[in-house]
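Coordinates in review
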Amino acid sequence: MSTQQQLTHQRGLTEPAAEAAVDQACRMLRLPTIRGQFVATADAAEREQLTYRGFLAELLMAECEDRQRRRSERRIKAAAFPCAKWLSDFDFSANPNVPSALIHTLAKCEWVRNGQPLCLIGDSGTGKSHLLIALGTEAAMAEYRVKYVLAAKLVNELVEAADELILNKTIARYGRFDLLCIDLCRDRDYAEAALRKPVEQDVHRLRLGIAAY
């Protein structure tokens, strides 16, 4: 007997049997949020006298919202940020030269959609890395493919790729992302150590490779 027949033929179920049937159907249809919230949502719908359509809408909206949240979490994890930074945590009062309105406009990611570059310039300790990660996180939550990388690491990787004659392949790999967050990270010793590696002799080839791309 098919799954559809099994579900269709189960009429006049008791409450426990109905809950078990919903649980089984949600497992088969891969609806974990509905499966987890069905009983509580059904009880709330009964108390609030929701229509059947209203009850169904509540369940489907919860499933969609949870899927969106999980997708955002996967994209943020894939971006490989060194730590979590959010715009809500940024202290604009301690950084009066950072325009709050402009930053929140940038958080809408119109510039990412249009393929425009963004450069954050300022003295050490003014929150550049915080804003870089926070804006990158906003882009990931807006369903853009984002990648965070230290400038030193990127430069060395491209130089090594040029030496190994795979520069175009490496650039193409980075080019698959919608937004590349490059952090100069000047105040960190490991970044400075990486920048001291001998890359000067290949700078002209690296620039040509980037320009060509």
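**Things to note about the nonpolar core**
In this structure, Phe 81, Leu 87, Ile 103, Val 146, Tyr 148, Leu 179 and Cys 181 are the most contacted members of the largest nonpolar core, which totals 25 residues. Among the elements of the structure, helix H5 (100–106), helix H6 (110–113), helix H7 (128–141), strand E1 (146–150) and strand E2 (179–183) are those that each provide at least two residues to this core. With residues near it in sequence (within four places) discarded, Leu 87 still touches Phe 92, Ile 103, Ala 107, Leu 131, Ala 134, Leu 135 and Glu 138.

**As for the packing of helix H3 (residues 32–48) against helix H4 (residues 52–79)**
Taken N-terminus to C-terminus, the directions of H3 and H4 make an angle of 145°; their axes are 9 Å apart at the nearest point. Where H3 crosses over H4, the handedness of that crossing is right-handed. Contacts between H3 and H4 involve Pro 32, Thr 33, Ile 34, Gln 37, Phe 38, Thr 41, Ala 42 and Ala 45 on the former and, on the latter, Phe 55, Glu 58, Leu 59, Leu 60, Ala 62, Glu 63, Asp 66 and Arg 70. Residue composition of the contact of H3 with H4, grouped by class: nine nonpolar, three polar and four charged.

**What about helix H8 (residues 151–163)?**
In a regular helix each residue adds 1.5 Å, so 13 residues correspond to 18 Å; H8 covers 18 Å between its end C-alpha atoms and thus fits that length. Those residues of H8 lying buried are Ala 151, Ala 152, Leu 154, Asn 156, Glu 157, Leu 158, Val 159, Ala 161 and Ala 162. Just past H8, the residue Leu 165 takes up positive phi, approximately 60°.

**Quick look at the pattern of salt bridges**
Applying the stated criterion to the full structure yields 11 salt bridges. Residue Arg 70 pairs with Asp 66 through a salt bridge whose shortest N-O separation is 2.5 Å. Here Arg 70 and its partner Asp 66 are both found in helix H4, four residues apart, which amounts to about one turn of the helix. A relative accessible area of 17% means that Asp 66 is categorised as buried. Linking Glu 157 and Lys 153 is a salt bridge whose minimum nitrogen-to-oxygen distance equals 3.3 Å. With Glu 157 and Lys 153 both in helix H8 and four residues apart, this pair spans about one turn of that helix. Residue class for Lys 153 comes out partly exposed when judged on its relative accessible area of 47%. Because the salt bridges share partners, they merge into one network encompassing Asp 66, Arg 69, Arg 70 and Glu 73.

**Notes on the environment of Leu 60**
Inspection of the secondary structure puts Leu 60 in helix H4. Residues Leu 60 and Thr 33 lie 27 residues apart in sequence; the distance between their C-alpha atoms is 8.9 Å.

**Some thoughts on a negative patch on the surface**
Residues Glu 15, Glu 19, Asp 43 and Glu 46 make up a contiguous surface patch of negative charge. Elements with a contribution of two residues or more to the negative patch: helix H2 (15–29) and H3. Relative to the elements of secondary structure, Glu 15 occurs in helix H2. A residue is classified by how much of its surface remains accessible, and Glu 15, at 60% relative accessible area, is exposed.

**A short note on the side chain of Glu 157**
Accessibility expressed as a relative area gives 18% for Glu 157, which makes it buried. Of note is the side chain of Glu 157, whose polar atom sits 2.6 Å from the side chain of Tyr 174. Contact partners of Glu 157, with chain neighbours within four places excluded, come to Thr 170, Arg 173 and Tyr 174.

**Some thoughts on unusual backbone geometry**
If you check the backbone angles, Gln 49 has positive phi at about 55° while not being a glycine. Phi angles above zero are rare outside glycine, and Glu 143 is one such case at about 75°. Within the fold, Glu 143 resides in the loop between H7 and E1.

Procedures and definitions
Residues numbered from 1 in each chain as written. Predicted model: local features only at pLDDT ≥ 70, side-chain atom pairs only at ≥ 80, totals over all residues. Heavy atoms only, no water. Core = buried A, V, L, I, M, F, W, Y, C linked by side-chain atoms within 4.5 Å. Buried < 20%, exposed > 50% of the residue type's maximum accessible area, 1.4 Å probe, protein only. Helix = DSSP H or I, 4+ residues; strand = E, 2+ residues; numbered from the N terminus. Contact = heavy atoms within 4.5 Å. Axes fitted to C-alpha atoms, helices over the stretch in contact; angles between N-to-C directions. Left-handed = near helix turned anticlockwise from the far one by under 90°. Nonpolar A, V, L, I, M, F, W, Y, C, P; charged D, E, K, R; others polar. Expected span 1.5 Å × (residues − 1). Salt bridge = Lys/Arg side-chain N within 4 Å of Asp/Glu carboxyl O. Patch = residues over 30% accessible without salt bridge, like charges linked within 9 Å, V, L, I, M, F, W, Y side chains within 5 Å. Areas by Shrake-Rupley, 256 points an atom, 1.4 Å probe, with all protein chains shown as cover. Lys, Arg positive; Asp, Glu negative; His and termini not counted. Charge placed at Lys NZ, Arg CZ, Asp CG, Glu CD. Polar contact = N/O pair within 3.5 Å; in protein donor to acceptor, adjacent residues only side chain to side chain.

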